[in-house]
Amino acid sequence: MNTQTDNSYCFSVLPGTRDHRGFFVQETTYELVEVSETGWAHICLDSAACYYVDPANIKAAC
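What comes next is a walk through the structure. Fair warning: this is a prediction, and the values are worked out from it, not measured in the lab.

1. Re the nonpolar core
With nine residues, the main nonpolar core is built from Phe 11, Val 13, Val 25, Tyr 30, Leu 32, Ala 41, Ile 43, Val 53 and Ile 58. Contact partners of Val 25, with chain neighbours within four places excluded, come to Val 13, Thr 17, Arg 18, Asp 19, Tyr 30, Tyr 51 and Val 53.

Listed below in structure tokens is the structure:
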């Protein structure tokens, strides 16, 4: 089991960030999954809560 934490993918969103559907995204720490070809950053809180946001609205958190 790998217990090492890789902080290179640990990000938070800026206040007032909205997802690609226009809904506000909770201000907490997310894992950056990828930046899509269309320019959206795919971030996930856990396996059930993922969002597409503007990459300009994320910042390193760890």
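2. Some thoughts on the pairing of strand 2 (residues 29-35)
Here three bridges tie strand 1 (residues 10-13) to strand 2, and the two strands are oriented antiparallel to one another. Residue pairing for strand 2: Cys 10 is matched across the bridge by Glu 31. Counting the residues between successive antiparallel strands, the hairpin from strand 2 to strand 3 (residues 41-44) contains five residues, one of them, Gly 39, with a positive phi of roughly 100°.

3. Section: the packing of aromatic side chains
One pair of aromatic rings is described through two measures. These are the centre distance and the angle between the planes. This model, assessed by the stated rule, comprises one aromatic pair. Ring centres of Tyr 30 and Tyr 51 lie 6.0 Å apart, and the angle between their planes is 90°; on these two criteria the pair is classed as edge-to-face. In this pair, Tyr 30 sits in strand 2 while Tyr 51 sits in strand 4 (residues 50-53), placing the two residues 21 residues apart along the sequence. If you follow Arg 18 out to its NZ or CZ, it ends over the ring of Phe 24, 3.9 Å from the centre.

4. Some remarks on the state of the cysteines
Inspection of every chain in the model, using the stated rule, returns two disulfides. Here Cys 10 is linked by a disulfide to Cys 62, with a sulfur-sulfur distance of 1.9 Å. Here the residue Cys 10 occupies a position in strand 1, and Cys 62 occupies one in the segment after strand 5 (58-60), the gap between them amounting to 52 residues. Of the residues examined, Cys 10 reaches a relative accessible area of 12% and is grouped as buried.

Rules of the game
Residues numbered from 1 in each chain as written. Predicted model: local features only at pLDDT ≥ 70, side-chain atom pairs only at ≥ 80, totals over all residues. Heavy atoms only, no water. Core = buried A, V, L, I, M, F, W, Y, C linked by side-chain atoms within 4.5 Å. Buried < 20%, exposed > 50% of the residue type's maximum accessible area, 1.4 Å probe, protein only. Contact = heavy atoms within 4.5 Å. Pairing = 2+ DSSP bridges. Helix = DSSP H or I, 4+ residues; strand = E, 2+ residues; numbered from the N terminus. Phe/Tyr/Trp six-rings, centres within 6.5 Å; stacked < 30°, edge-to-face > 60°. Lys NZ or Arg CZ within 6 Å of the ring centre and 35° of its normal. Disulfide = S-S within 2.5 Å.

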